[in-house]
Amino acid sequence: MRVLLTIGCAICLIALSQKEVFAQSNENIAHIWNEEVLEGIRNDFARPTVHARNLLHTSVAMYDCWTAYDSGSSETFFLGKTWAGYTCDFEGVDVPETEEEIQAHREMALSYAVYRIMAHRFGSTPDAEITMFNINSRMAMLGYDVTITSTDYMNDGAAALGNYVAEQIIAFGMQDGANEANEYASQCYEPINPNIQPEFPGNPTMVYPNHWQPIELTVFIDQSGNISTTIPEFVGPEWGEVTAFALDSADLEILERDSCMYHVWKNPGNPVYLDTTLVEGGVSDPWKWNFAMVSAWSSHLDPTDGVMWDISPGNLGTDGAFVTNPDDFSDYYDFFDGGGLTDGHSINPITGAAYEPNWVPRGDYTRCLAEFWADGPDSETPPGHWFTLLNEIMGYDAFEYRWRGQGPLIDQLEFTVKAYLALAGAMHDSAVATWSIKGYHDYARPVSAIRYMAEMGQSSDSTLDNYHPAGLPIVPGYIEVVESGDPLAGVNEDQVGEMKVLAWRGPDYVEVPFIDEAGVGWILAKNWWPYQRPSFVTPPFAGYVSGHSTFSRAAAEVLTLLTGSEYFPGGLGSWSVTMNQFLVFEDGPSVSFDLQWATYYDAANESALSRIWGGIHPPMDDGRARLIGQEVGIQAFHCAEGYAFPEWAEGCGGEGFISGGFCPGDFNADAAINVSDFLLFLSAFGNEWTGPYDFDGNAVIGSADLLVFLALFGEVCP
């Protein structure tokens, strides 16, 4: 059941009218069906792993339905191939003679394929009736008969091809390691901590403070609005067993913990752990520093504190840098004032003008970030959120359908299916790698850690009665001891000696979210609450590493490579938030403004930091996730490119000579621009457009490109 949702004719009519409006737009068929998938995700449980997989499988279906009718060099990904031991037989199709007929066949095959996959994957979801109504209406508006179920593509045409592609992907999915037949349930993992009960003060039952706790609530409502009275299980702790898109087997370790074997991809090593041997350690203990910073940043959620920030790219823009070593965290993350290390972008390179300042109350900015990036504007989960952004980007007036932003304009449908394959591959592999790490390392969330430390006392002053080596560090102005006469001491001063924090006061102060604000103030630390709803609290899976950080950095890498620029079209991306209408957890923001990003790295950085302000992740979960996302995004793009342009691109399906580099001019992926790259450049000199070699985008590798390359020669990639 969906909160505040009644399924009936009125909703069906509204849905139909919305679909009709959308159908009248100029969007291509792949975009239309991707939007249907995103809407299906919004109507399902909030499961980032499952939906990253759904986005990949529907994107593979779209790409292969397009490629099946291609007389050029593009290689199918699944049709006629063997993927992780599963062979999908394919004998080819009769390609029509005219471009119009080819387009019609592609659109029909693609539509049937995505329709069948969605009917299978979303047919029993919480709002399956709405999803099925939507996709049946879509097929009807397109003029396609859903009673055609033939898979004999040799004799029955494009509809049968779409049905066949779906049939094969569905069959593949039943043996790809996701355990779809058993609702994606884990087969070995068990939590080692008792449940945390956030509706009650403190965390008295926690045994292993370095490990995750299940969340026990009277009523749990996930981020898609689905109600449950059961304790949510850890989502995807064994997701590392799921067949990847482009991950290299060299990145896989099979590790044992608590008698379970885990397939761990790109293992970043252990996070920091609580050290109870330090005397008066306080924030010198990296574990305490990490979680104390989450509490400190919670104090930034007050729009009335008088702090104004220029949130324009000119001030908050980033070069994409991040840190992974805990020893460097204090130099990157601003413990007291918030935010990461940024230098800003001096000018918009597209317009040549400086970015206009964008002054906003810090408390509005941070709250909007926490909600905007939580699961996407409409709860399509983080991987779906980046598809939403890609679709927005492709709709910009300044956007051109040129692969890597170079060479000739490409047919819109061709570009879209190839772009979706790359982005979906990155989102899927981000989920596989991230959740493989989450399951194995099983790391604590801030609500567990902060409340656990509050139960212990304080760890900064061993002369005080409430000293405990596992207690909260004292941070004047942010984390302190309740003393006699303090308003929090209680009528009988029962709370004297307890720990208090300056933080968002929590959902108990929000009776009606549309008109109430909890505000920031001193509260007992044992009552600390993330900036989340009381029926959700924190995601039902371990923290380390952050999925948002991995997904976002991987997407930024894909979009940078795909468009040939790290900048949004026109040099500026934005999302409008409206005063007193955008926030859901409480009333706000107090003013209307635009979230702004110059580059995809700016957006990814903002997504990562939002999870600290939201009380979901400490810095420990962030930097190493970004590194994984960087690697995964580049790998996935070049794998997809190898299928899309196999003659000049190396990768999973390519036989060309351009391997995946980390920056312009790094053709051989060794993170430096050197003689080896020069020799590769010379091999392409004089050719017509050959992807990354065509620096000036004029479809010829010539002297102008040589001059650009020589200017880059000798540089080391960041």
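Read on for a plain summary of the structure.

Calculation notes
- Along every chain, residues carry numbers that run from 1 in the direction the sequence is written.
- Under the rules for a predicted model, residues below a pLDDT of 70 receive no local features and side-chain atom pairs below 80 are neither given nor counted, while totals for whole chains, interfaces and linings still include all residues.
- To obtain the side-chain values, all non-hydrogen atoms of the structure were included, while hydrogens and water were left out.
- Pairing between two strands requires that DSSP report at least two bridges joining them.
- Segments assigned H or I by DSSP are reported as helices when at least four residues long, segments assigned E as strands when at least two residues long, and all are numbered from the N terminus.
- Axis definition: a line fitted to C-alpha atoms, over the contacting stretch in the case of helices. Angles run 0 to 180 degrees between N-to-C directions.
- In this analysis, two residues are considered to be in contact whenever any of their non-hydrogen atoms come within 4.5 Å of each other.
- Two distance rules govern patches: like charges are joined within 9 Å, and nonpolar side chains (Val, Leu, Ile, Met, Phe, Trp, Tyr) within 5 Å, applied only to residues with over 30% relative accessible area and no salt bridge.
- Shrake-Rupley sampling with a 1.4 Å probe provides the accessible areas, and residues are treated as covered by the protein chains on show and by no other component.
- Here, a salt bridge means any Lys or Arg side-chain nitrogen found within 4 Å of an Asp or Glu carboxyl oxygen.
- Partly exposed residues are those whose accessible area sits between 20% and 50% of the maximum for their type, while under 20% is buried and over 50% is exposed, using a 1.4 Å probe and protein chains only.
- Two helices crossing with the near one rotated counterclockwise from the far one by less than a right angle form a left-handed crossing, whereas a clockwise rotation gives a right-handed crossing.
- Asp, Glu, Lys and Arg are counted as charged, while Ala, Val, Leu, Ile, Met, Phe, Trp, Tyr, Cys and Pro are counted as nonpolar; the rest, among them Gly, fall into the polar class.
- Pairing of N or O atoms within 3.5 Å defines a polar contact, subject to two protein rules: one partner must be a possible hydrogen donor and the other a possible acceptor, and residues neighboring in sequence count only if both atoms are side-chain atoms.
- Among buried residues, the Ala, Val, Leu, Ile, Met, Phe, Trp, Tyr and Cys ones that are joined through side-chain atoms within 4.5 Å form a nonpolar core.
- What counts as a disulfide here is a pair of cysteine sulfur atoms lying within 2.5 Å.

1. Quick look at the sheet that holds strand E9 (residues 479-481)
Strand order across the open sheet formed by three strands is E9-E10-E11, with antiparallel pairing between neighbours. Strand pairing shows two members of the sheet lacking a second neighbour, E9 and strand E11 (520-524), which therefore form its edges. With strand direction ignored, the average angle separating the axes of adjacent strands in the sheet is 30°. Here helix H7 (residues 286-298) sits on the sheet and contacts E9, strand E10 (499-504) and E11; the angle it forms with E10, its principal contact strand, is near 55°.

2. Describing a nonpolar patch on the surface
Together, Val-675, Leu-679, Leu-682, Phe-685 and Phe-713 make up an exposed nonpolar region whose accessible area comes to about 460 Å². Considering the arrangement of structural elements, one finds Leu-679 in helix H17 (residues 675-684). Residue classification places Leu-679 among the exposed positions, given a relative accessible area of 53%.

3. Digging into the packing of helix H12 (residues 412-441) against helix H16 (residues 623-644)
Taken N-terminus to C-terminus, the directions of H12 and H16 make an angle of 145°; their axes are 8 Å apart at the nearest point. The way H12 lies across H16 gives a crossing that is right-handed. Contacts between H12 and H16 pair Lys-418, Leu-421, Ala-422, Gly-425, Ala-426, Asp-429, Ser-430, Ala-433 and Ile-437 from the former with Ile-628, Val-632, Gly-633, Ala-636, Phe-637, Ala-640 and Ala-644 from the latter. Along the lines of polarity and charge, the residues of the contact of H12 with H16 split into 11 nonpolar, three polar and two charged.

4. Concerning the environment of Tyr-355
Along the chain, Tyr-355 falls in the loop between helix H9 (329-332) and strand E8 (359-361). Note on Tyr-355: relative accessible area 10%, which makes it buried. With 103 residues separating them along the chain, Tyr-355 and Leu-252 place their C-alpha atoms 43 Å apart. Excluding its chain neighbours within four sequence positions, the residues that come into contact with Tyr-355 are Pro-313, Gly-314, His-345, Ser-346, Ile-347, Asn-348, Pro-349, Tyr-567, Gly-571, Leu-572 and Ala-598. At 2.6 Å, the side chain of Tyr-355 forms a polar contact with the backbone oxygen of Gly-571.

5. Digging into the nonpolar core
A general trend in soluble globular proteins is that nonpolar side chains are found buried together. Among the nonpolar cores identified, the biggest contains 204 residues, and Trp-33, Leu-110 and Tyr-333 are the most heavily contacted of them. In terms of residue count, the dominant contributor to this core is H12 (17 residues). The residues contacting Tyr-333, other than those within four sequence positions of it, are Trp-289, Met-293, Trp-297, Val-323, Gly-339, Leu-609, Ile-612, Pro-619, Asp-622 and Gly-623.

6. Examining unusual backbone geometry
A cis geometry characterises the amide bond from Tyr-544 onward to Val-545, with omega recorded as 0°. Locating Val-545 in the fold gives a position in the loop between E11 and helix H14 (547-563). Cis rather than trans, the peptide bond between Gly-588 and Pro-589 has omega equal to 0°. Its location among the elements puts Pro-589 in the loop between strand E12 (573-577) and strand E13 (593-597). In the Ramachandran plot, Ala-671 falls in the positive-phi region, its phi being about 65° despite a non-glycine side chain. With respect to the element layout, Ala-671 can be found in the loop between H16 and H17.

7. Concerning the side chain of Asn-466
Among the structural elements, Asn-466 can be located in the loop between helix H13 (446-456) and E9. Residues within four places of Asn-466 in sequence aside, it is in contact with Met-456, Gly-457, Gln-458, Val-481, Gly-497 and Met-499.

8. Describing the pairing of E13
Taking burial as the measure, the five residues of E13 include four buried ones, the bulk of the element. Two elements, E12 and E13, share five bridges in a ladder whose sense is antiparallel. Paired with Ser-574 across the two strands is Gln-596, which belongs to E13.

9. Remarks on the state of the cysteines
This model, assessed by the stated rule, comprises three disulfides. Between the sulfur of Cys-663 and that of Cys-717 lies a disulfide, 2.0 Å long from S to S. Between Cys-663 and Cys-717 the disulfide shows an S-S torsion of about -55°. By sign, it is left-handed. Taken together, the residues span a long stretch of sequence, with Cys-663 in the loop between H16 and H17 and Cys-717 in the segment after helix H18 (703-712) at a distance of 54 residues.

10. Quick notes on the environment of Ile-227
By secondary structure assignment, the location of Ile-227 is in strand E4 (residues 227-228). On a C-alpha basis, the gap between Ile-227 and Ser-535 in space is 9.0 Å, while along the polypeptide they are 308 residues apart.

11. Side note on the pattern of salt bridges
Using the criterion set out here, one finds 24 salt bridges in the structure. Close ionic contact of Asp-622 with Arg-626 constitutes a salt bridge, the shortest N to O distance being 2.9 Å. On the accessibility criterion, Arg-626 (4% relative accessible area) is buried.

12. Observations regarding the environment of Asn-163
Among the structural elements, Asn-163 can be located in helix H6 (residues 153-173). For Asn-163, a relative accessible area of 4% gives the class buried. Sequence separation between Asn-163 and Val-114 is 49 residues; the distance between their C-alpha atoms is 8.8 Å. Contact partners of Asn-163, with chain neighbours within four places excluded, come to Tyr-112, Arg-116, Ile-148, Thr-149, Ser-150 and Thr-151. Reaching out from Asn-163, the side chain makes a polar contact with the backbone oxygen of Ser-150 at a distance of 3.0 Å.

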